[in-house]
Amino acid sequence: MSAYGASRKGKAPTGRTTSPPAPAKREATQPQQAQKVVEGTTGRGLLAKPVGGRGHQRKDHRFDPNAAAANPWEPPRVVELKMQQVITNAATKEQYELGSDETPPHISCVSFDTLGEHMAYGDRAGRCYIFCKSNGRLASLTPNYEPASSGYTLVDVVEAYQPQLDTLNSTEIEAKVNVLRFVNLGNGSLFFLTANDKTIKMFKVWERRHATAVGSYEPVEAILDNWQTLKFPEVHQSNPTIWHKELKVFAADHEYHVNSISTSSNGDNFITADDLTVQLWHLGHHEQSLRIVDRHPEQMEELSETITSAAFHTSSPQEFCVANSKGVVSIYDLRTNLTCPNAARSLPASIPAGPNVYLSTILAGISDVRYSPCGTFIIARDYLNVKVWDARKEDLPVKSYNVHDGVQARLTELYEHDYVFDRFEVVTSPNGREMYTGSYRSEFIQFSDDATSKLYTTDTSAPHRPPVRDPTGQGAAVRPNAYEDMDFQQKALHLAAHPAEDILAVGCGHELFLYSV
């Protein structure tokens, strides 16, 4: 009998002794393993990004909003955002000599850099505003820099676009900045990508110093004085200032309006999407791009869907997703084919049945899509809902949160005024426990993984609305009053979440609101 077989029967072979590990010792190692699992994640949320090794990745974990509450190693937290700072786009009115009776341009996009030290937003006038925290790289370089009590301070303004005329189509190209994304190139400068309807640009913001020489060098007089009076000019460094320049203008490879920019996790590539195509770019080559997705039909009369948003995977530079106007999210993998004629997986959306099928199809169109921090789930926002898919299987959404709970009665009116085409954005917290999206009445909504929703308003004169729990478990944002008397022009379209802290930027009209815990 082998030593292994004898030990299993409790009999040790002759001349050898075995001592199985004591149960007490095995029990003592369990808390250490549990502590290691807690330290290997950035939170208890199912959308959280794992930061540990292979053992920390979730393999068969189904999306369950109540599963996070069962974590015995971390108590559940309650996130209550508070308004910390209000930034008005009229702060630079004197710089651009705008008339006092002119309305400041509305904010059209907002974004944080990869570390959260800097923030930027673009407006409809084609300008980009760069903000910095007190610990940011550009804070010490700004003359007369006075950091805000809590938040970000304006350090630079970039004139990105101006209105142009498209001579081929005889149409005017707006100066509006549709998308703004920071890129990390690994040095002390800031780089960010911008896009209006047709043109994609890269800008650089960096430190610049000036050196001036004081005094003169006169060797002739020094020779006559036996080199006793030889003097050299002194070099004085001026205070560093912030400069910016247009670094690159990428090739005009888009036929239609650009609606998305997404950078890859490796920092080398990015994708841009318009109504029918998705282009793959390299940051070092602006002359040309590769068309990786093409939705052109054989006959334009047969066109039935358009691309509305596209996003790279948070950790895999070969995977990206594309959302369309029918509410379907397609996942592509560049490892199978560099040009993707077919999607690797398609995530369908259930279109609610109603008397107006055409209007139901429009409402199902996705305005914004992105991966969760862990990369396992895909989050998308249509006009009425925020939907969450499991990217590993082709199935209906695993969770759906109702945003506009009382607007169904006025859908026909909203369609006649084109409000159903508003592009609301959705973002997640750094640990993936909360999702945020905008709404009307200058409000935005927080959805948590415990089936609760919280309503926040950027209107400081409005009363505070306490968080409510949806009894149906769908996470619907229950409002104390309906939509009878509502100004649909007051809407929070653009949001951005800090990559590491619980800081949220909400763009509403010509104002930007910063919230934190």
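Residues numbered from 1 in each chain as written. Predicted model: local features only at pLDDT ≥ 70, side-chain atom pairs only at ≥ 80, totals over all residues. Heavy atoms only, no water.

Engineer: Run through the nonpolar core, naming residues and quoting values.
Structural biologist: In a soluble, globular protein the nonpolar side chains are often hidden away together inside. Counting residues in hydrophobic clusters, the biggest one holds 18 residues, and the most contacted among them are Cys128, Ile130, Leu180 and Phe192. Among the secondary structure elements, those contributing two or more residues to this core are strand E4 (127-132), strand E5 (153-159), strand E8 (179-183), strand E9 (190-195) and strand E10 (200-208). Considering each element in turn, this core owes the most residues, three residues, to E4. In this structure, cysteine 128 is in contact with Tyr121, Gly122, Asp156, Val157, Val158, Ala160, Val177, Leu180, Phe192 and Thr194, ignoring residues within four places of it in sequence. Judged by nonpolar contacts, the second largest core, of 15 residues, contains Tyr129, Phe131, Ala496 and Ile503. (Core = buried A, V, L, I, M, F, W, Y, C linked by side-chain atoms within 4.5 Å. Buried < 20%, exposed > 50% of the residue type's maximum accessible area, 1.4 Å probe, protein only. Helix = DSSP H or I, 4+ residues; strand = E, 2+ residues; numbered from the N terminus. Contact = heavy atoms within 4.5 Å.)

Engineer: Can you tell me about the pairing of strand E14 (residues 260-263), naming the residues and giving the values?
Structural biologist: Across four bridges, E14 lies against strand E15 (residues 269-273) in antiparallel orientation. Within E15, the position partnered with threonine 263 by the bridge is phenylalanine 270. In sequence, E14 turns back onto E15 through a hairpin of five residues, with glycine 267 there showing a positive phi of about 80°. (Pairing = 2+ DSSP bridges.)

Engineer: Please give an account of the packing of aromatic side chains that cites residues and values.
Structural biologist: Applying the stated criterion across every chain yields a total of 20 aromatic pairs. Pairing tyrosine 415 with phenylalanine 421 gives two aromatic rings, centres 6.4 Å apart and planes at 45°, and the pair type is tilted. Overall, the relative accessible area of 30% leaves tyrosine 415 in the partly exposed class. The exposure class of phenylalanine 421 is partly exposed, given its relative accessible area of 47%. In this structure an aromatic cluster arises from ring pairing among Tyr383, Tyr419, Phe424, Tyr440 and Phe488. Over the aromatic face of tryptophan 243 sits the side chain of arginine 208, whose NZ or CZ is 4.1 Å from the ring centroid. (Phe/Tyr/Trp six-rings, centres within 6.5 Å; stacked < 30°, edge-to-face > 60°. Lys NZ or Arg CZ within 6 Å of the ring centre and 35° of its normal.)

Engineer: Any chance you could break down the side chain of histidine 254 for me, citing the residues and the numbers?
Structural biologist: Structurally, the position occupied by histidine 254 is in the loop between strand E13 (241-249) and E14. Look at histidine 254 and you get buried, because its relative accessible area is 6%. Within the structure, the side chain of histidine 254 is placed 2.6 Å from the side chain of threonine 272, a separation counted as a polar contact. For histidine 254, the side chain forms a polar contact with the side chain of aspartate 274, separated by 2.9 Å. The residues touching histidine 254, leaving out its near neighbours within four places in the chain, are Lys198, Ile200, Thr272, Ala273, Asp274, Thr277, Gln279 and Trp281. (Polar contact = N/O pair within 3.5 Å; in protein donor to acceptor, adjacent residues only side chain to side chain.)

Engineer: Can you break down the confidence of the model for the protein residue by residue, with the values?
Structural biologist: The predicted coordinates of low-pLDDT regions are not to be read in fine detail. In this model, the protein carries an average pLDDT of 77, and 71% of its residues clear a pLDDT of 70 or more. In the predicted structure, residues 463-473 sits below a pLDDT of 50 and forms 21 contacts with residues beyond four places in sequence or in another chain. (pLDDT = per-residue confidence, 0-100.)

Engineer: Which residues make up the sheet that holds strand E19 (residues 319-324), and what values do they have?
Structural biologist: Across the sheet, which stays open at both edges, the four strands sit in the order E18-E19-E20-E21 with antiparallel pairing between neighbours. Looking along the sheet, the strands with just one partner apiece sit at the ends: strand E18 (307-312) and strand E21 (345-347). This sheet shows a mean twist of 20° between the axes of neighbouring strands, independent of strand direction. Where E18 and E19 come together, five bridges link them in antiparallel fashion. Paired with isoleucine 307 across the two strands is asparagine 324, which belongs to E19. (Axes fitted to C-alpha atoms, helices over the stretch in contact; angles between N-to-C directions.)

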